[in-house]
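Structural description and commentary
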Amino acid sequence: MKFFADTADTDAIRELAATGLVDGVTTNPSLIQKSGRDILEVTKEICGIVDGPVSAEVVATDHETMMKEAEVLRKIADNIAIKVPLTVDGLKTCKKLTDDGTMVNVTLCFTANQALLAGKAGASFISPFVGRHDDIGYDGMNLISDIRLIYDNYDFRTEILVASVRHPIHILESAKLGADVATMPPDVILKLFNHPLTASGLEAFLSDWEKTGQTIG
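Quick caveat, the model's predicted, so the values are computed rather than measured. (Residues numbered from 1 in each chain as written. Predicted model: local features only at pLDDT ≥ 70, side-chain atom pairs only at ≥ 80, totals over all residues. Heavy atoms only, no water.)

1. Overview of the nonpolar core
Where we set the bar: We call a set of buried Ala, Val, Leu, Ile, Met, Phe, Trp, Tyr and Cys residues a nonpolar core when their side-chain atoms join them within 4.5 Å. Only protein chains enter the accessibility calculation, which uses a 1.4 Å probe; a residue is then buried when its area is under 20% of its type maximum, exposed when over 50%, and partly exposed in between. To qualify as a helix, a DSSP run of H or I must reach at least 4 residues; to qualify as a strand, a run of E must reach at least 2; elements of each kind are numbered from the N terminus. The contact rule is simple, with two residues in contact once any of their heavy atoms fall within 4.5 Å.
In this structure, V106 and I126 are the most contacted members of the largest nonpolar core, which totals 54 residues. Sort the elements by how many residues they give to this core and helix α8 (residues 140-154) lands first, with six residues. The contact partners of V106, leaving out residues within four places of it in the chain, are V84, P85, L86, L91, C94, A118, A123, F125, I126 and S127.

Rendered as structure tokens:
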């Protein structure tokens, strides 16, 4: 399972990339706004930090303008994935871009039927939003399960990129269901390391080691 960092904070991305556990980055207009930086500048910097896909989102709603924006964004670096919304024009743009060899991340997916459409349009990634499903009383994991079944039925190469991740349980359940990628805020990635027994066990080992009076090296 691949881990993407869902942020435009380059300092946080650098720290996570140093662990060797981050395979890519996703951004969106809200994250760019939060960064306070120019989209082209910050996206180029991110592309230089990670080797894997970096999703940069178009903001147009019509196909023609989406293509113009995509042309600007994909010139930033070779590892750019153009992010488009799951609309008629978005999938039309997806098909055009993927036919041309450009990676595309189709975002704002909330149904398995939408994911099926994205698969048929040749999307590189489909981004189902599990947290937002949970927010309105639905189980977002059911959506991941349905998409996995459908994609396996028809051998779609589109990767399931679980988005709107709120906590480590979302990651655990996504991994059990066979999702290809999970994108998450940096704090959620760091929470995956934590367990009180790991902390207390390490503390006990170090205490006992200190009593030996030894050093290594």
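Moving on from the coordinates now.
2. Quick notes on the UniProt feature "active site" (unreviewed entry) in the chain
The cut-off we apply is this: UniProt positions are given in the numbering used here, feature names are shortened, and annotations may be inferred rather than shown by experiment. We define a polar contact as two N or O atoms separated by no more than 3.5 Å, with the added condition that, inside protein, one atom must be a possible hydrogen donor and the other a possible acceptor, whereas residues neighbouring each other in sequence contribute only through side-chain atom pairs.
As recorded in UniProt, the sites labelled "active site" (unreviewed entry) are K83. Apart from the residues within four sequence positions on either side, K83 is in contact with T26, T27, N28, S55, A56, E57, V58, N105 and T107. Here the side chain of K83 touches T27 through a polar contact of 3.0 Å, landing on its backbone oxygen.

3. Some remarks on the sheet that holds strand β7 (residues 159-162)
In plain terms, the rule: Here, a strand pair is defined by DSSP locating no fewer than two bridges between the strands. Each axis is a line fitted through C-alpha atoms, and for a helix only the stretch in contact is used; angles between axes span 0 to 180 degrees, taken between their N-to-C directions.
Pairing within the closed barrel is parallel, and its eight strands lie in the order β1-β2-β3-β4-β5-β6-β7-β8. Between one strand and the next, the sheet's axes are offset by a mean angle of 30°, whatever the strand orientation. Here three bridges tie strand β1 (residues 2-6) to strand β2 (residues 24-26), and the two strands are oriented parallel to one another. The partner of F4 across the bridge, within β2, is G24. Across the sheet, α8 lies against β5 (103-109), β6 (125-128) and β7, angled at about 170° from β7, the strand it touches most.

4. What about the environment of T26?
By the element assignment, T26 lies in strand β2. Remark: the alpha-carbon pair of T26 and D146, spanning 120 residues in sequence, is separated by 23 Å. Each residue touching T26, except ones within four places of it in the same chain, is listed here: F4, A5, D6, T7, L31, S55, K83, N105, L161 and T183. Side chain to side chain, T26 and D6 meet in a polar contact 2.7 Å long.

5. As for a nonpolar patch on the surface
How we decide: Exposure above 30% relative accessible area and no salt bridge define the residues that can form patches, which grow by joining like charges within 9 Å and nonpolar side chains of Val, Leu, Ile, Met, Phe, Trp and Tyr within 5 Å. Method for areas: the Shrake-Rupley scheme with a 1.4 Å probe, in which residue coverage is limited to the protein chains shown. Whenever Lys or Arg places a side-chain nitrogen within 4 Å of a carboxyl oxygen from Asp or Glu, that contact is recorded as a salt bridge.
On the surface, a nonpolar cluster with roughly 370 Å² of combined accessible area is contributed by L21, L190, L192 and F193. Mapping F193 onto the fold places it in the loop between α10 (186-191) and α11 (196-212).

6. Notes on the pattern of salt bridges
Taken as a whole and judged by the stated rule, the model has 14 salt bridges. Taking the shortest distance from any N to any O, the salt bridge between K2 and E159 comes out at 2.8 Å. Of this pair, K2 sits in strand β1 while E159 sits in strand β7, placing them 157 residues apart in sequence. Two residues, K95 and D99, come together in a salt bridge whose shortest N-O distance is 3.5 Å. Pair noted here: K95 and D99 are both in helix α5 (residues 88-99), with a separation of four residues, about one helical turn.

7. Details of the pairing of β1
For a regular strand, side-chain orientation follows a simple rule: the groups alternate between the two sheet faces. In plain terms, the rule: If you view a crossover with the strands going away from you and the path from the first strand over the helix to the second runs clockwise, you call it right-handed.
Burial of β1 is extensive: four of the five residues sit out of reach of the surface. Regarding topology, helix α1 (residues 10-17) serves as the crossover connection from β1 to the parallel β2, and that connection is right-handed.

8. With respect to the side chain of S127
Secondary-structure assignment places S127 in strand β6. What makes S127 buried here is its relative accessible area of 2%. Reaching out from S127, the side chain makes a polar contact with the side chain of N105 at a distance of 2.7 Å.

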